[in-house]
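Structural overview for review
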Amino acid sequence: MKTVKAIAAAAALLVAGASLAGPLAQPAAASPSAPTMGTSVPMAAVSGTAALPTSLGLVEFLSLVRSHHPALRAMPLVQGMEQADVRTAGTWENPSVHYSRKPDEKEWGIEQPLPIFGQIGMRTEAARLAAATGQAERAVETQEVLSLAALRFAELLTAQQKLAAKQQAMQHLEQAAKVVLGQVELGARSKYDGARVELQRAQVQALLEQQESETLAAQAALAEMLAQPQWTPKAIGSLLPAKATQEEPSLDSMWQQASTRLPQLQAAHAKVTQTEQLIRQQAREALPTPTVGVARIRNRPDGDRYNQVGVSVELPLFDRKQGAIERARLEYTQAQLEEDTAQQLARQRLQQAYTQRNLLRKTLRSFETRGLTQLDPLRQMAQDSYRLGQSSILEWLDAMESVADHQQQYLDLSLRAWQADWELNAARGQLPFSAE
């Protein structure tokens, strides 16, 4: 009966210690979106190139990058690890059991550390904030990956358009060669014209094959984003800016919107919150944690049995967590400086992107109205002038080459204008995807 009473007293003592810790000892609730123990993390199955489309638009491609890119596919695993750290931080230390035997005495007992000053709650909150910081940093990484994927898509689309323009230029040159060779056979032109046009055909053919190689490289860059080396996609869409359906907000309005949406700023603020909690945690860890023990002792000579209850507490005479607290304060100050720097860089980036976008759009519109509309008439006038004997073969070939060069310049300018527009949307936190 005495043994039963001793065990009951030890159990009551441990329960009392748990109640002293209060709600701070309870682990923080896991986020609804976070994977829990025993639940498999969803992974996009990569079943080969057969399931991938042969032609696709930008939004569809970004969706595929989300599900196929190796780094993005691994992010749910990292999130699960962080949630496991939260559970670990909210767990009490295990009790320790001891047994000893002397010539005239036997002793067995149990000891349990009791963090009665809320250390468990502080550790749990610190782990939860660390997980929130990690989530914000992964959102920044996700935006960088998807922005790179969008740029590669735009480069493929431009390469395809350049290839089509060079193929069209080759067709025009083939038609011109027929006219020149016909006039040479009739004796209206010298053999020099025929030789010159054949040389031009060889040069254009070389440029065409080079552009085909660049287009294949751009396709390989898209396949690399999905880790599918055998995939050869075709990009669909246009890089020209869409017509505005409503008035664009001012630069100040854009910044107010960006300051609450940009993943970079959210990650910097999450770091400040985390380090601030770390200071409180280290200060709480400096308080000693008592250990309560209950032992059952049996004395052999007289057969006496009795219980022994003890409490041991560390004396913080030398180590009072001074270094850990000071380090936490410095990390908090550093996080504040990094947040201020991130704010300044984000504002500067928005202003530069806004100016660059407006300038390139103006240049693109000027090129379209003043230069692009003159290409077809210039090509036709050069052909008519040669047929009428008013110009030489060099003038005609120069006109065709000038038209082809201007088309290539227009496509390059369209890509630069699209990049500037994308940079502005990224700087204002308004991209066609969510980085979270």
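In this text, all values refer to a predicted model and were calculated from it rather than measured experimentally.

Our next topic: the sheet that holds strand β3 (residues 105-113). Spatial strand order, β2-β3-β5-β6: four strands in an open sheet with antiparallel pairing. Bordering the open sheet on either side are β2 (96-102) and β6 (305-312), each of which pairs with just one other strand. Across the sheet, the axes of successive neighbouring strands diverge by a mean angle of 15°, strand direction being ignored. Relative to β3, β2 is paired through seven bridges, and the arrangement is antiparallel. Following the sheet pairing, S100 is matched in β3 by E107.

Next up on the list: the side chain of S391. The residue S391 is located in the loop between α9 (375-387) and α10 (393-427) in this model. Within the structure, the side chain of S391 is placed 3.3 Å from the backbone nitrogen of Y386, a separation counted as a polar contact. Excluding residues that lie within four positions of it along the chain, S391 makes contacts with R189, A382, S385 and Y386.

Of all hydrophobic cores here, the largest spans 31 residues; its most connected members are F61, V65 and W231. Of all elements in the fold, only α2 (58-68), α3 (70-89), α4 (119-186), α5 (191-225) and α10 reach the threshold of two or more residues within this core. Among the elements that make up this core, the one with the highest residue count is α4 (nine residues). Sequence-distant contacts of V65, defined by excluding residues within four places in its chain, comprise L72, V145, L146, A149, M225 and L226. A176, A177, I393 and A399 belong to the second largest nonpolar core, which has 15 residues in total.

Packing of α4 against α10 leaves a shortest axis separation of 10 Å and a crossing angle of 165°. In terms of axis orientation, α4 runs roughly antiparallel to α10. For the pair α4 and α10, the crossing hand works out as right-handed. Residue classes in the contact of α4 with α10 are distributed as 20 nonpolar, nine polar and four charged.

Another point: the packing of α4 against α5. Their axes nearest at 8 Å, the elements α4 and α5 cross at an angle of 160°. Classified by the angle between their axes, α4 and α5 sit roughly antiparallel to one another. Judged by the sense of rotation from one axis to the other, the crossing of α4 with α5 is left-handed. In terms of residue class, the contact of α4 with α5 is built from 21 nonpolar, eight polar and eleven charged.

With that settled, the discussion passes to the pattern of salt bridges. In the structure shown here, the tally under the stated rule is 16 salt bridges. Here E331 and R327 are joined by a salt bridge, their closest N and O atoms 3.2 Å apart. Taken together, the positions of E331 and R327, both in helix α8 (residues 322-370) and four residues apart, correspond to about one turn of that helix. Classification of R327 by relative accessible area gives exposed; the value is 57%. Here the residues in one salt-bridge network are E248, R357, R361 and D421, joined through shared partners.

So, how was this worked out
- Residues numbered from 1 in each chain as written.
- Predicted model: local features only at pLDDT ≥ 70, side-chain atom pairs only at ≥ 80, totals over all residues.
- Heavy atoms only, no water.
- Pairing = 2+ DSSP bridges.
- Helix = DSSP H or I, 4+ residues; strand = E, 2+ residues; numbered from the N terminus.
- Axes fitted to C-alpha atoms, helices over the stretch in contact; angles between N-to-C directions.
- Polar contact = N/O pair within 3.5 Å; in protein donor to acceptor, adjacent residues only side chain to side chain.
- Contact = heavy atoms within 4.5 Å.
- Core = buried A, V, L, I, M, F, W, Y, C linked by side-chain atoms within 4.5 Å.
- Buried < 20%, exposed > 50% of the residue type's maximum accessible area, 1.4 Å probe, protein only.
- Parallel < 35°, antiparallel > 145°, perpendicular 65-115°, else oblique.
- Left-handed = near helix turned anticlockwise from the far one by under 90°.
- Nonpolar A, V, L, I, M, F, W, Y, C, P; charged D, E, K, R; others polar.
- Salt bridge = Lys/Arg side-chain N within 4 Å of Asp/Glu carboxyl O.

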